[in-house]
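In case you want the letters, here they are:
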Amino acid sequence: MTEPLLRVENLKTQFFTETGTVRAVDGISFEVNEGEIVGLVGESGAGKSVASMSLMRLIDSPGEIVGGEITYNGETIFGLEEGPDGELREREDMLSPERMRREIRGNEIAVIFQDPMESLNPVFTVGGQLREFIELNRDLEGAAAKEEAIEMLREVGIPDPEERYEEYPHQFSGGMRQRVLIAMALACEPNLIIADEPTTALDVTVEGQILDLVDDLQEKYGTSFIWVTHDLGVVAEICDRVNVMYLGEIVEQAPVDELFYETSHPYTNALLNSMPRPDRTVDELEPIEGMMPEAINPPSGCRFHPRCPDAKEVCTRVHPDPKVVDTVDGDPHRSACLKRDAFDVGYDESPPIDAEPDVVAAAGSGAGGEDDE
Amino acid sequence: MRLLRYTIYRLVQSIPVLIGITLITFILANLAPGDPVQLMLHGQEVDEDLVRTVEERYGLDQPLHERYLNYMAGLVQGDFGHSIHRDRPVRDLMLDRIGPTLLLVLSAYVFAIVTSIPLGILAAKRRNEPADHISRIVALFGVSTPSFWIGIMLIVIFSVTLGVLPSSGLVYPWRTPADTSFFGYLAHFYDVLRHLLLPMIALGTLQMATLMRVERTQMINSLQGEYVKLARAYGVPERRVLRKHAFKPAQLPIITIIGLNLSTALGGAVLIEYVFNINGMGRLLIEAIQELDYQLIMGITIVIGFIFVIGVIITDISYAYIDPRVTYGEEE
């Protein structure tokens with residue numbers, strides 16, 4: 001089997017705030033192969049964006065990548081080793097900040113941000129910004145870079161690119177700006193594009209156009225994508241494989257059809273049940289109960305257990321790491337649910353979770369009441 | 001071309017404002033107590049005919065609105081009337097004095113801008129580090145200390161105690177030095193700077209402090225902007241991110257504040273000219289008030305008003321120049 005383009009192993013990114021350490025990304029592992037679109041799905045706050053920014057080592061203070069390994073095309077983007085005094089230190093073969101900037105960002109891994117309104121600099125022309133990135137990341141200068149920029153604007157479907165080149169972002173509509181951001185990513189000819197919710201800020205018809213555009217361009221250029229989204233509809237449309245994130249962890253990882261038809265994790269299931277699907281008719285959609293907890297103090301055991309309809313006592317104690325539950329055409333289907341046979345921690349025998357906290361609560365308040373009187 | 005049209009448009013727009021300034025100034029000056037003729041007489045008893053002759057000569061016998069129209073008719077021809085107390089045209093008196101004031105205000109602005117922008121950026125970059133805390137203290141001091149007190153302290157330290165810089169007067173750069181050789185001009189320039197340094201700092205500190213804080217806030221916001229994230233993600237070197245991508249969008253409020261603070265600067269100049277014994281418009285204004293010289297007070301007030309309006313127009317134009325989102329008022 002060939003090496004994947006990008007391999008992420010046990011990546012941990014934390015934010016050190018005054019109220020405590022936020023474990024935004026807590027040990028995720030996934031791979032991206034060449035020419036593949038990999039989805040990163042989850043609710044707001046699941047750590048999707050932090051995870052994707054970690055791949056470019058663009059985490060601002062107080063955030064920091066604290067563990068794991070990121071390998072891109074044989075180069076180490078991030079890696080730690082144990083120093084002589086037992087302290088963790090950055091590995092010698094890890095790319096220097098200067099090489100990250102010069103050789104990886106833009107050149108190899110480009111990004112499309114989610115907010116087309118804010119991502120373009122309001123005081124520079126669209127063409128000027130595009131050209132700057134081309135000059136930085138390609139061997140093109142001056143007139144040639146400008147020509148390429150105009151060509152890219154045409155490629156992403158912006159009419160009259162020669163004139164639009166000289167215009168400012170505020171003269172573009174949201175959809176057109178998103179096209180400009182896509183042009184930026186493609187113009188640098190990277191091998192991997194991280195699309196961080198690129199269609200979230202757009203209305204549905206424009207979203208459809210953009211997805212079609214990306215599909216066409218992906219076919220044409222063979223670029224790999226990491227598609228960050230909370231929208232499973234988008235995932236079904238474009239992704240090859242999917243990682244479902246919950247509270248800093250990947251809870252399920254599978255090829256896209258497998259994920260939709262052989263769903264293994266209750267969280268993925270809940271996500272699917274909460275949205276309308278063309279292949280299923282239901283009377284009512286089921287929302288997921290409750291809110292996602294803060295990553296600053298995640299629940300014990302399985303992090304999803306407080307909201308999980310299938311949670312049992314064992315889920316509050318045992319923390320599941322994703323394990324292979326099935327294999328489809330050589331691609332593993334991993335799931336981090338104790339229900340699966342792969343775990344064998346006595347889920348079936350475990351008592352249901354609901355009874356216990358009630359009993360404890362009743363006993364506690366009863367005793368407290370007597371003491372007070 | 002659009003910018004030129006915008007400039008003309010803004011100039012035309014400012015005409016009603018300028019008329020308003022003259023009208024209010026004129027009314028206030030005439031509402032103020034004191035009869036100009038009586039003032040000229042210094043309380044002497046003279047006969048009615050003489051008083052009437054003088055009133056006629058200065059047009060004081062006419063109704064107020066006619067006097068205003070006369071005054072405006074003179075104004076458009078550059079005639080600000082005649083100073084009764086000094087017996088000279090107001091225009092000539094002001095022309096003598098406007099140079100030092102403009103020199104003082106402009107140099108104070110240059111000082112403020114040149115110091116505040118790098119310091120503000122530094123504070124933003126080193127947010128919550130010692131450099132930021134020091135700049136915060138300096139800014140607090142600058143904002144809360146009256147400029148004339150800073151002026152007096154500077155005189156006490158640099159003129160009285162250390163004796164290194166002059167405490168009064170300005171040397172005007174537009175005067176030809178006695179020695180017209182290259183070194184003569186060099187020495188002249190040095191002299192200009194020596195005299196300008198203390199009043200410039202005294203007047204510029206408030207502006208510097210304000211601008212520095214705004215620059216810091218703006219740069220912090222801008223550095224957190226998505227467009228800065230985008231630039232970094234495409235491998236733009238950090239220096240260029242700071243100087244280009246974050247800097248330019250952050251400067252818009254700075255320009256606004258520079259323009260609006262012109263009023264504070266002009267007001268401050270009045271006091272600074274007094275402290276440093278500079279023969280500028282501000283000092284002339286104080287003297288005119290003490291002498292109850294209404295024509296002169298009116299003239300100076302109108303000129304300062306005009307300078308402020310021009311400052312605001314320059315602000316608007318540079319705003320339109322920097323921010324492409326500002327429309328020129330002509331678009332559909």
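Note that the coordinates shown come from a computational prediction; the quantities given were computed from them, not determined experimentally.

Tell me about the overall build of chain B, residues and numbers included.
When you go through chain B residue by residue, the secondary structure sums to 14 helices and two strands. Across its three principal directions, the C-alpha atoms of chain B cover 85 × 65 × 45 Å. The long-range fraction of contacts in chain B, counting pairs at least 24 apart against all pairs at least 6 apart in sequence, stands at 77%.

Give me the lowdown on the domain arrangement of chain B, citing residues and values where you can.
One widely used convention gives an interface's size as the accessible area the parts lose upon coming together. By domain assignment, chain B separates into domain 1 (33–79) and domain 2 (97–148 + 203–322). Of note, the centres of domain 1 of chain B and domain 2 of chain B, computed from C-alpha atoms alone, are 41 Å apart.

Provide a residue-level description of the interface of chain A and chain B, including the pertinent values.
Facing the 24 residues of chain A at the interface are 18 residues of chain B. Tallying contributions element by element places helix α4 (residues 126–137) of chain A first for the side of chain A that touches chain B, with three residues. Taken together, the residues of the side of chain A that touches chain B break down into 13 nonpolar, six polar and five charged.

If you had to explain the sheet that holds strand β3 (residues 37–41) of chain A to someone new, which residues and values would you point to?
All names here are of chain A. One open sheet holds the eight strands; their spatial order is β8-β9-β10-β3-β11-β12-β14-β13, and the pairing between them is mixed. Strand pairing shows two members of the sheet lacking a second neighbour, β8 (109–112) and β13 (323–328), which therefore form its edges. Each neighbouring strand pair of the sheet contributes to a mean axis angle of 20°, computed without reference to strand direction. One ladder, built from six bridges, connects strand β11 (residues 241–246) with strand β12 (residues 249–255); its direction is antiparallel. Paired with Asn243 across the bridge in β12 is Gln253.

Help me get a handle on unusual backbone geometry, residues and values and all.
Residue and element names in this part refer to chain A. For the peptide bond that leads from Ser61 to Pro62, omega is 5°, which places it in the cis range. With respect to the helices, strands and loops of the structure, Pro62 is situated in the loop between α1 (48–54) and β4 (63–72). The phi torsion at Glu189 lies on the positive side, around 45°, for a residue other than glycine. Overall, Glu189 belongs to the partly exposed group, with 16 C-beta atoms counted inside 10 Å. Positive phi is not limited to glycine here, since Glu197 has a value of about 45°.

So, the environment of Gln224 of chain B: which residues are in play, and what are the values?
On the secondary structure map, Gln224 of chain B appears in the loop between α8 (182–223) and α9 (226–233). The spacing of Gln224 of chain B and Leu165 of chain B is 59 residues in sequence and 44 Å in space, taken between C-alpha atoms.

Can you tell me about the pairing of strand β5 (residues 75–78) of chain A, naming the residues and giving the values?
All names here are of chain A. With three bridges joining them, β4 and β5 adopt antiparallel strand pairing. Its bridge partner lying in β5, Tyr72 is registered against Glu75. Connecting β4 to the next strand, β5, in antiparallel fashion are two residues, including Asn73 with a positive phi near 50°.

How would you explain the nonpolar core if you had to name every residue and give the values?
Core analysis: the largest hydrophobic core is formed by 159 residues, its most contacted members being Leu130, Ala183, Ala185, Ala187 and Ile226 of chain A together with Tyr234 and Ile300 of chain B. Setting aside anything within four residues of it in sequence, one finds Ala187 of chain A in contact with Leu130, Phe133, Ile134, Glu148, Ala149 and Met152 of chain A.

Requested: an account of the environment of Ile278 of chain B, with residues and values cited.
Residues and elements named next belong to chain B. Within the element layout of this structure, Ile278 appears in the loop between α12 (262–275) and α13 (281–290). Residue class for Ile278 comes out buried when judged on the 23 C-beta atoms lying within 10 Å of it. Spatially, the C-alpha atoms of Ile278 and Gly163 are 19 Å apart, while their sequence positions differ by 115 residues. Once residues lying within four places of it in the same chain are set aside, the contact partners of Ile278 are Pro100, Leu104, Gly169, Leu170, Pro199, Glu273 and Arg283.

So what about the packing of α8 of chain B against α12 of chain B? Which residues, and what values?
All names here are of chain B. Taken N-terminus to C-terminus, the directions of α8 and α12 make an angle of 150°; their axes are 10 Å apart at the nearest point. For α8 against α12, the interelement crossing comes out right-handed. Within the contact between the two elements, α8 uses Pro199, Ala202, Leu203, Leu206 and Gln207 and α12 uses Thr264, Ala265, Gly268, Ala269 and Ile272. The residue makeup of the contact of α8 with α12, split by class, is seven nonpolar, three polar and no charged.

Each value, and the rule that gives it
Residues numbered from 1 in each chain as written. Chains lettered and ligands numbered in written order. Predicted model: local features only at pLDDT ≥ 70, side-chain atom pairs only at ≥ 80, totals over all residues. Helix = DSSP H or I, 4+ residues; strand = E, 2+ residues; numbered from the N terminus. Contact = placed C-beta atoms within 7 Å. Domains from an automatic or database assignment. Nonpolar A, V, L, I, M, F, W, Y, C, P; charged D, E, K, R; others polar. Pairing = 2+ DSSP bridges. Axes fitted to C-alpha atoms, helices over the stretch in contact; angles between N-to-C directions. Buried ≥ 20, exposed ≤ 12 C-beta atoms within 10 Å, placed from the backbone. Core = buried A, V, L, I, M, F, W, Y, C linked by C-beta atoms within 7 Å. Left-handed = near helix turned anticlockwise from the far one by under 90°.

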